[in-house]
Amino acid sequence: LASEPPPLVARVVVDQAAITKSFDYLIPDAWRDQARVGTLVRVGLGPRRVGGWITELGHQAPDGVALRPIAKVTGWGPSADVVDLCRWAAWRWAGRLAPVLTVASPPVAVRALPPAGPGTAFRSEPAHAGALAAVAQPGTRVLRTTPAEDIVPILVAAMSRGPILAVIASIDRARLVVARLRRLGAPVASVPRDWALAAAGGHSVIGARAAVFAPCPDLAAVVVIDEHDESLQEERTPTWHAREVAIERARRAGVPCLLVSSCPTLEALRSGEPITLSRSQERAGWPIVDIVDRSRDLPSESGPISPTLVRLLRTEHPVVCVLNRTGSARSLRCGSCGQPGVCERCHGPVAQLDDSTLQCGRCGTTRPVVCLSCGSTRFSARRPGVTRIRAELEQMLGEPVAEVTATTGPPPAGVRVAIGTEAVLHQVGDAAVVAFLDIDDELLAPRLRANELTMALLVRAARLLGPRTSGGRLVVQTRQPHHEVLQAAVLAEPDRFVAAERAMRTDLWLPPSSALATASGPGAESFVAQLSIAVSGSADGQFLIRADTHQELCDALAAAGRPTARLRLDVDPWRV
Ligand SMILES: [Zn+2]
Ligand SMILES: [Zn+2]
């Protein structure tokens, strides 16, 4: 009697928000060849048919259970190693597996793969010397570039090892880079569009945040461009961060991971001292930065536009003015001298707790309502917004001034001056002057990463202006002219504020000195009650959950039962 092959059994994770359990199905013989870990399938679940992924394959059907066959093989999904990486990400950001598997899957069904690429090392000129050294051996390295630096030679250097996976924070920039690499003759798949080509192997794979989960069978190195960029983190839960996933993916594959930034984060700098340019090279890659000190302005000059800026506004073009003043959290200013309300202990922003008390939004220190500069007891949060200042500018200059938002698109042709929130920096191609009308709004934003985010904003503006030789000017109006972040930009020394920032975070047990998560929503209170790690409540009904390491934090979050009421868990939250 010829022995029958044992039945093939697949464990399937279904793409259903309310279902975290996985289910077993039989694979009919006709689909045996296509059933791999990661394959996208459709299965019957109760009376419905739903999509899902094969996450395990075996021959052991549970005893006494009659399994249903899968309904259909939809096509290729993430490879087994990427499925494992997704599982790690679901643990690391305390969320469900299905949303991560969705990110790792092709945007449309892929039934067959095109021919593979060459898969060999790609050599071209120019290759970035620092990047070549950085990818010489496995491990994570940080490459500190300048805002004006061309990233193509960095990617070319990494490709000298073989196919790379490159995550580029900006989608537009990723597209331009793919086009240029192809002109150099590099075999490149641009994901998500070329997902099938990437899965075929032999190509370098480039894309925005989600590319970190893209297929890259012959992976030789992982590169993250602009590792400091906020857009590398998913906003929906699980709030995975492409930088951290990249580090883990490279570690698992035993290949180098190169983190590139003009202002490396404390998270990136944990992997060691950055590879840097010479001082003169670094300075040359930054524009001239003019700090306009407004702390000594006469009351008659205290409008939103300083006399210095007025002069530039009349002569230069194009000019971009940035004023981030749309959010609800605005920093307090002294009603008589205009100085911002700053904490004397940690330089964080203070808010009015009650009629007689100010409280630091960062470390919680309280003090009476009194200005540290002039002794006044009058504070105010009301200041003019973009729309009103645009009208004032138009009147002052006697010409049209465009207000630019995320939805207006770039300013109309022929308009010399544009104003907007930071969205304007994404809408304008280049500028002769970028002016931050009130950078103190950024520095004093009530959030953990205010300093790093301000630096990132200055880097973005600097990129529009080009290198020092192009003559562009970054103008920064402030009442804190000696702030380390501003000095870092003036001197083109992005590490100037790093030591102080690290000390502050250590002092306050904030990331990366701790692993931090927030829990919010109606189910948060009962959820955190089960935890045996540090939990504290905050004013807006959010709980802060902390441990020394992510291992400890994420294991605790995974072990705790989920409440039936809605719960949102943000691991590594940006907005604290
Ligand atoms: Zn004052
Ligand atoms: Zn403080």
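Attention in this report is confined to the structure presented alongside it.

The rules behind the values
Per chain, residue numbering runs from 1 following the sequence as it is written. Throughout, the order in which chains and ligands are written sets their labels, letters from A for the former and numbers from 1 for the latter. With the structure being a predicted model, the display of local features is reserved for residues of pLDDT at least 70 and the display and counting of side-chain atom pairs for 80 or more, all residues being used for whole-chain, interface and lining totals. Side-chain numbers here rest on the full set of heavy atoms in the structure, without hydrogens or water. Sodium, potassium and calcium take a 3.2 Å donor cutoff, other metals 2.8 Å, and in both cases only N, O and S atoms count; water is not among them, so sites may look incomplete. Here the metal geometry follows the donor angles, with tetrahedral for four donors whose angles all fall between 85 and 135 degrees, square planar for four and octahedral for six when opposite donors are more than 155 degrees apart and every other angle is between 65 and 115, and irregular for all the rest. Under the DSSP-based scheme used, a helix requires at least four consecutive residues in state H or I and a strand at least two consecutive residues in state E, with every element numbered from the N terminus. Buried, partly exposed and exposed residues are distinguished by accessible area as a fraction of the type maximum, computed with a 1.4 Å probe on protein chains only: under 20%, between the cut-offs, and over 50%, respectively. Think of a 1 Å grid over just the protein atoms. A cavity is a set of points where a 1.4 Å probe fits yet cannot get out, a pocket is an open set with protein on both sides within 12 Å along at least five of seven lines, and lining residues have an atom within 4 Å of a point. Grid points are joined across faces, edges and corners, and a volume is the space filled by probe spheres set on the points. Two strands pair under a simple rule: DSSP has to find at least two bridges between them. Axes, fitted as lines to C-alpha atoms, cover a helix only where it is in contact. Angles between the N-to-C directions of the axes lie from 0 to 180 degrees. Residue contacts are counted whenever heavy atoms from the two residues lie within 4.5 Å of one another. Any pair of Phe, Tyr and Trp rings, taking the six-membered ring for Trp, is counted once the centres come within 6.5 Å. Such a pair is stacked with planes under 30 degrees apart, edge-to-face with planes over 60 apart, and tilted for the rest. By the criterion adopted, a ring carries a charge over it if an Arg CZ or a Lys NZ lies within 6 Å of its centre and within 35 degrees of its normal.

Looking at the coordination of the zinc ion (ligand 1)
Then step 1. Binding of the zinc ion (ligand 1) to the protein goes through Cys 334 (SG), Cys 337 (SG), Cys 371 (SG) and Cys 374 (SG), at separations of 2.3 Å.
Then step 2. Considering all four donor atoms around the zinc ion (ligand 1), angles at the metal cover 104 to 116° and the coordination shape is tetrahedral.
Then step 3. Positions of the donor residues of the zinc ion (ligand 1), expressed as sequence spacing, correspond to C-x2-C-x33-C-x2-C. One end of the pair, Cys 334, is in strand β14 (residues 333-334); the other, Cys 374, is in the loop between β17 (366-368) and β18 (379-380), with 40 residues separating them in the sequence.

Overview of the coordination of the zinc ion (ligand 2)
Then step 1. With distances of 2.2 to 2.4 Å, the protein atoms coordinating the zinc ion (ligand 2) are Cys 343 (SG), Cys 346 (SG), Cys 360 (SG) and Cys 363 (SG).
Then step 2. With four donor atoms in place around the zinc ion (ligand 2) and angles of 98 to 113° between them, the coordination shape is tetrahedral.
Then step 3. Written as a sequence motif, the donor residues of the zinc ion (ligand 2) are C-x2-C-x13-C-x2-C. Here Cys 360 lies in strand β16 (residues 357-360) and Cys 343 lies in the loop between β14 and β15 (350-354), a separation of 17 residues in the sequence. Just as Cys 343 is buried, Cys 360 falls in that class too.

A few points about unusual backbone geometry
Then step 1. In this structure, Pro 126 follows Glu 125 across a cis peptide bond, with omega equal to -5°.
Then step 2. Cis rather than trans, the peptide bond between His 317 and Pro 318 has omega equal to -10°.
Then step 3. The residue Pro 318 is located in the loop between α10 (307-315) and β13 (319-322) in this model.
Then step 4. If you check the backbone angles, Ala 94 has positive phi at about 50° while not being a glycine.
Then step 5. One non-glycine residue, Asp 226, lies in the positive phi region at around 65°.
Then step 6. For Asp 226, the location among the structural elements is in the loop between β10 (221-225) and α7 (242-253).

Regarding the layout of surface pockets
Gaps left between atoms are located by rolling a probe of water-molecule size over the structure's atoms.
Then step 1. Taken as a whole, the second largest pocket spans an internal volume of roughly 990 Å³.
Then step 2. Lining the second largest pocket are 32 residues, and of these Cys 360, Gly 361, Arg 362, Pro 446 and Ser 538 lie nearest its centre.
Then step 3. Residue assignment for the lining of the second largest pocket shows that the elements contributing at least two residues are β15, β16, β24 (534-537) and β25 (543-547).
Then step 4. Sort the elements by how many residues they give to the lining of the second largest pocket and β15 lands first, with four residues.

Side note on the sheet that holds strand β21 (residues 433-436)
Then step 1. Pairing is parallel in the open sheet, where six strands are placed in the order β12-β22-β21-β13-β20-β19. The two strands at the open ends of the sheet, each matched to only one other strand, are β12 (288-293) and β19 (401-404). Adjacent strand axes in the sheet meet at a mean angle of 20°, parallel and antiparallel pairs treated alike.
Then step 2. Bridge analysis of β19 against strand β20 (residues 417-420) gives four bridges, and the strand direction is parallel. From the neighbouring strand, Val 401 faces β20, where its bridge partner is Val 417.
Then step 3. Relative to the sheet, helix α11 (residues 386-397) contacts β13, β19 and β20, its axis offset from that of β19 by approximately 165°.
Then step 4. Packing against the sheet, helix α14 (residues 450-465) makes contact with β21 and β22 (473-478), and its axis sits at approximately 160° to β21.

Points about the side chain of Asp 438
Then step 1. Position of Asp 438 relative to the elements: it lies in the loop between β21 and α13 (440-443).
Then step 2. When neighbours within four sequence positions are excluded, Asp 438 is seen to be in contact with Val 322, Leu 323, Arg 325, Arg 333, Arg 383 and Gln 477.

Section: the packing of aromatic side chains
Then step 1. Under the criterion given, the structure shown has two aromatic pairs.
Then step 2. Arg 36 extends its terminal NZ or CZ atom over the ring of Trp 76, reaching a point 3.6 Å from the ring centre.
Then step 3. Residue placement shows Arg 92 over the ring face of Trp 93; its charged tip is 4.4 Å from the ring centre.

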